[in-house]
Amino acid sequence: MNLTPYIRDIADFPKPGIGFKDLTPLLGDARAFADSIEQLIAPFRESKVDCICGIEARGFIFGAAAATGLGCGFVPMRKPGKLPAATISVDYALEYGSDRLEMHVDAIRPGARVLLIDDVLATGGTLSAAAALLDRAGAEIVGAGLLIELLALQGRSRWQRNAPLHAVIAI
Ligand code: AMP
């Protein structure tokens, strides 16, 4: 089904100049949500995915649902200080300042086939950082799945990997 009507544009959120893609209308509709997960995982059904890694916070929602769809486990990548056990981390640059992603050090076994999931691909910085963290863990990245790719920001150009980057909706 066409999911575009379930994406709401919020101007100037969280700060002036940002056009925020609000996915809560999609999440709130049973058919649209289920269909979005189906479209998200379809290219990876034969990829022998061992686990899905979802990026905080909306990557948790789509990643966890995708994991049950593919019949694999789910690993959260979180903002600093949220995970209770020992972590590995990666720092990455934002437009202003920097941020960090953390993952439990024992969450991924070396060689595990991992699919990365997030909601929106904008500049691609978050996804690149998440992939770098998976490299550090010794994972084999089988691909990345996103609900929305913002074409104008050319985030795809930062995904220089021999693994597919799949976006359900390109805007
Ligand atoms: P980037 O690192 O620039 O690709 O930004 C991607 C991350 O920021 C994702 O985790 C998104 O949740 C969030 N994000 C960036 N831009 C938007 C947007 N226009 N609408 C909603 N979320 C966004």
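Residues numbered from 1 in each chain as written. Predicted model: local features only at pLDDT ≥ 70, side-chain atom pairs only at ≥ 80, totals over all residues. Heavy atoms only, no water.

Draft legend 1. Spatial organisation of the nonpolar core. If you look at the biggest cluster of nonpolar residues, it comprises 29 residues, and the most contacted ones within it are L101, M103, I108, L116, L127, L134 and W159. The set of elements that each furnish at least two residues to this core consists of β3 (51-55), β4 (73-77), β5 (87-93), β6 (98-104), β7 (113-121), α4 (125-136) and β8 (140-149). When residues of this core are assigned to their parent elements, the largest contribution, six residues, is made by α4. Dropping the residues within four chain positions of it, L127 is found in contact with I55, L116, L121, A144, L146, W159 and L165. One finds L3, L115, V142 and I148 within the second-largest nonpolar core, a separate group that totals 24 residues. (Core = buried A, V, L, I, M, F, W, Y, C linked by side-chain atoms within 4.5 Å. Buried < 20%, exposed > 50% of the residue type's maximum accessible area, 1.4 Å probe, protein only. Helix = DSSP H or I, 4+ residues; strand = E, 2+ residues; numbered from the N terminus. Contact = heavy atoms within 4.5 Å.)

Draft legend 2. Summary view of the packing of helix α2 (residues 30-41) against helix α3 (residues 58-70). Relative to each other, α2 and α3 sit at 70 degrees, their axes nearing to 9 Å. On the basis of their axis angle, the class for α2 and α3 is roughly perpendicular. On α3, the residues touching F33, S36, I37, L40 and I41 of α2 are I61, F62, A65, A66, G69 and L70. When grouped by side-chain class, the residues that make up the contact of α2 with α3 number nine nonpolar, two polar and no charged. (Axes fitted to C-alpha atoms, helices over the stretch in contact; angles between N-to-C directions. Parallel < 35°, antiparallel > 145°, perpendicular 65-115°, else oblique. Nonpolar A, V, L, I, M, F, W, Y, C, P; charged D, E, K, R; others polar.)

Draft legend 3. Representation of the site of the ligand in the model. Close contacts around the ligand come from 13 residues, with D118, D119, T123, G124 and T126 the closest. A distance of 2.8 Å separates an oxygen atom of the ligand from a polar atom in the side chain of R58. A total of 490 Å² of accessible area belongs to the ligand in isolation, and the protein chains cover 81% of it. Elements represented by at least two residues in the shell around the ligand include exactly β2 (19-22), β7 and α4. Residue composition of the shell around the ligand, grouped by class: four nonpolar, five polar and four charged. (Near = heavy atom within 4 Å. Polar contact = N/O pair within 3.5 Å; in protein donor to acceptor, adjacent residues only side chain to side chain. Areas by Shrake-Rupley, 256 points an atom, 1.4 Å probe, with all protein chains shown as cover.)

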